[in-house]
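So the chains spell out like this:
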Amino acid sequence: MSLLVASIDLGTTFSGWAYSYKHDYKTSRNSIRTKNWHASSHISQKAPTVVLIKPDGKTLHSFGYDAESKYADLAETGDHKDWYYFRRFKMLLFDRKGVQVNTLIEETGGKNLEAIEVFCLTIKCIKDDLIATVKQQLSGEEFKESDVSWVVTLPAIWNDAAKQFMRCAAEKAGIDKDKLTIALEPEAASLHCRHLPIEKNVGDSDASLCKYPIGTKYIVVDAGGGTVDITVHE
Ligand SMILES: Nc1ncnc2c1ncn2[C@@H]1O[C@H](COP(=O)(O)OP(=O)(O)OP(=O)(O)O)[C@@H](O)[C@H]1O
Ligand SMILES: [Mg+2]
């Protein structure tokens, strides 16, 4: 039985992770922990989906804001040409209808790497960051990676090949296939919204959609960088 459920949202423009302990979830569905990513001037719950890979084409140097600033430093001195810098690469899986394990993707400077490597390194980096945070939080307590169930969210419009590709990348990143759930982004968002407090409500201050009478309908609009998902739930 898992101690916690961890999720990875690889977005077109921004990505993030979140987790929730099973014992917290039982008492409060909203007790979800997310990462505070540090940008130069602010803190945000998601980081840009930007990956910087070293000139060997295999080793990840950094992800997110760190990747952006390191690449800017390299470019300033003209030392960036051998590095691999990927941004906005998620939707490539949608464009290429028959994505395969050996499909190549092009980075900012025009060099190619296998898409599976880039997705794998990205998922691994986010996963390792989450694990490190949990370990830090549970310092002293026994914790094994097998205590984690993973959810990776995907756009609803992706075809089976793209979904299979992401599953493959997640497994390659070290997520055990028995511990991996693939969920659709708009469905996860819709279920989460059921338990959010409703701000503008008359009377009951801790009202949420799930406390409304059966038959109530709501619409969730997720205007993302790559897809706009509109979900109706009854
Ligand atoms: N609070 C905000 N105010 C205004 N714009 C925002 C805000 N938060 C995010 N954005 C912008 O909205 C766009 C979508 O961001 P979001 O993080 O939802 O996309 P994504 O999850 O990366 O994309 P997708 O889900 O389509 O793959 C981005 O261009 C981002 O800059
Ligand atoms: Mg999104």
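Here the structure is shown first, and the text comes after it.
Overview of the structure. (Residues numbered from 1 in each chain as written. Chains lettered and ligands numbered in written order. Predicted model: local features only at pLDDT ≥ 70, side-chain atom pairs only at ≥ 80, totals over all residues. Heavy atoms only, no water.)

### Quick notes on the state of the cysteines
So, point 1. Here the structure, examined in full by the defined rule, presents 0 disulfides.
So, point 2. Free of any disulfide, C125 has its nearest neighbouring cysteine sulfur in C120, separated by 11 Å. (Disulfide = S-S within 2.5 Å.)

### Let's talk about the sheet that holds strand β8 (residues 60-63)
So, point 1. Read from one edge of the open sheet, 3 strands run β8-β7-β9, paired in antiparallel fashion. Each of the sheet's edge strands pairs with one partner strand only, and the pair in question is β8 and β9 (84-87). Averaged over all pairs of adjacent strands, the angle between strand axes in this sheet comes to 15°, irrespective of strand direction.
So, point 2. As defined by bridge partners, strand β7 (residues 50-53) adjoins β9 across 4 bridges and the pair is classed as antiparallel. Bridging from a neighbouring strand, V51 pairs with F86 of β9.
So, point 3. Here helix α4 (residues 115-137) sits on the sheet in contact with β7, β8 and β9, set at roughly 60° to β8. (Pairing = 2+ DSSP bridges. Helix = DSSP H or I, 4+ residues; strand = E, 2+ residues; numbered from the N terminus. Axes fitted to C-alpha atoms, helices over the stretch in contact; angles between N-to-C directions. Contact = heavy atoms within 4.5 Å.)

### Topic: unusual backbone geometry
So, point 1. The backbone of R88 shows a phi angle near 50°, a positive value even though the residue is not glycine.
So, point 2. Relative to the helices and strands, R88 resides in the loop between β9 and α3 (92-95).
So, point 3. Assessed through its relative accessible area of 42%, R88 is described here as partly exposed. (Buried < 20%, exposed > 50% of the residue type's maximum accessible area, 1.4 Å probe, protein only.)

### Topic: the site of ligand 1
So, point 1. Neighbouring ligand 1 are the residues G11, T12, T13, F14, K46, K90, E185, A223, G224, G225, G226 and T227.
So, point 2. G225 places a main-chain nitrogen or oxygen 2.8 Å from an oxygen atom of ligand 1.
So, point 3. Compared with its free state, where it exposes 650 Å², ligand 1 has 53% of that area covered by protein.
So, point 4. Of the residues contributing to the shell around ligand 1, the split by class is 2 nonpolar, 7 polar and 3 charged.
So, point 5. Each of domain 1 (4-184) and domain 2 (192-233) contributes no fewer than three residues to the shell around ligand 1. (Near = heavy atom within 4 Å. Polar contact = N/O pair within 3.5 Å; in protein donor to acceptor, adjacent residues only side chain to side chain. Areas by Shrake-Rupley, 256 points an atom, 1.4 Å probe, with all protein chains shown as cover. Nonpolar A, V, L, I, M, F, W, Y, C, P; charged D, E, K, R; others polar. Domains from an automatic or database assignment.)

### Some thoughts on the pattern of salt bridges
So, point 1. Counting across every chain of the model gives 10 salt bridges.
So, point 2. A salt bridge links R33 to D24; its shortest N-O distance comes to 2.8 Å.
So, point 3. Across the pair D147 and K144 runs a salt bridge, and its minimum N-O distance is 3.8 Å.
So, point 4. Connected through salt bridges with shared partners, the residues K124, K127, D128 and E145 form a single ionic network. (Salt bridge = Lys/Arg side-chain N within 4 Å of Asp/Glu carboxyl O.)

### Focus on the side chain of S190
So, point 1. Inspection of the secondary structure assignment puts S190 in helix α6 (residues 185-193).
So, point 2. Of note is the side chain of S190, whose polar atom sits 2.8 Å from the side chain of H233.
So, point 3. Aside from chain neighbours lying at most four places away, what touches S190 is Y218, V220, T231 and H233.

### A word on the packing of aromatic side chains
So, point 1. Scanning the entire structure with this criterion turns up 7 aromatic pairs.
So, point 2. On the numbers, 5.2 Å between centres and 85° between planes, the contact of F89 with F119 is edge-to-face. Taken as a pair, F89 in the loop between β9 and α3 and F119 in helix α4 lie far apart in primary sequence, 30 residues in all. Like F89, the residue F119 is buried in the burial classification.
So, point 3. With centroids separated by 5.4 Å and ring planes inclined at 90°, the aromatic side chains of F119 and F165 adopt a geometry described as edge-to-face. Separated by 46 residues along the polypeptide, F119 in helix α4 and F165 in helix α5 (residues 160-172) bring together distant segments of the chain. In this pair, the class of F119 matches that of F165, namely buried.
So, point 4. Among the aromatic residues, those joined into a cluster by ring pairs are F86, F89, F119 and F165.
So, point 5. In this structure, K35 packs its charged tip against the face of W37, placed 4.8 Å from the ring centre.
So, point 6. The lysine or arginine in question, K111, covers the ring of Y84, its NZ or CZ lying 4.9 Å from the ring centre. (Phe/Tyr/Trp six-rings, centres within 6.5 Å; stacked < 30°, edge-to-face > 60°. Lys NZ or Arg CZ within 6 Å of the ring centre and 35° of its normal.)

That's the geometry; what it means functionally is another story.
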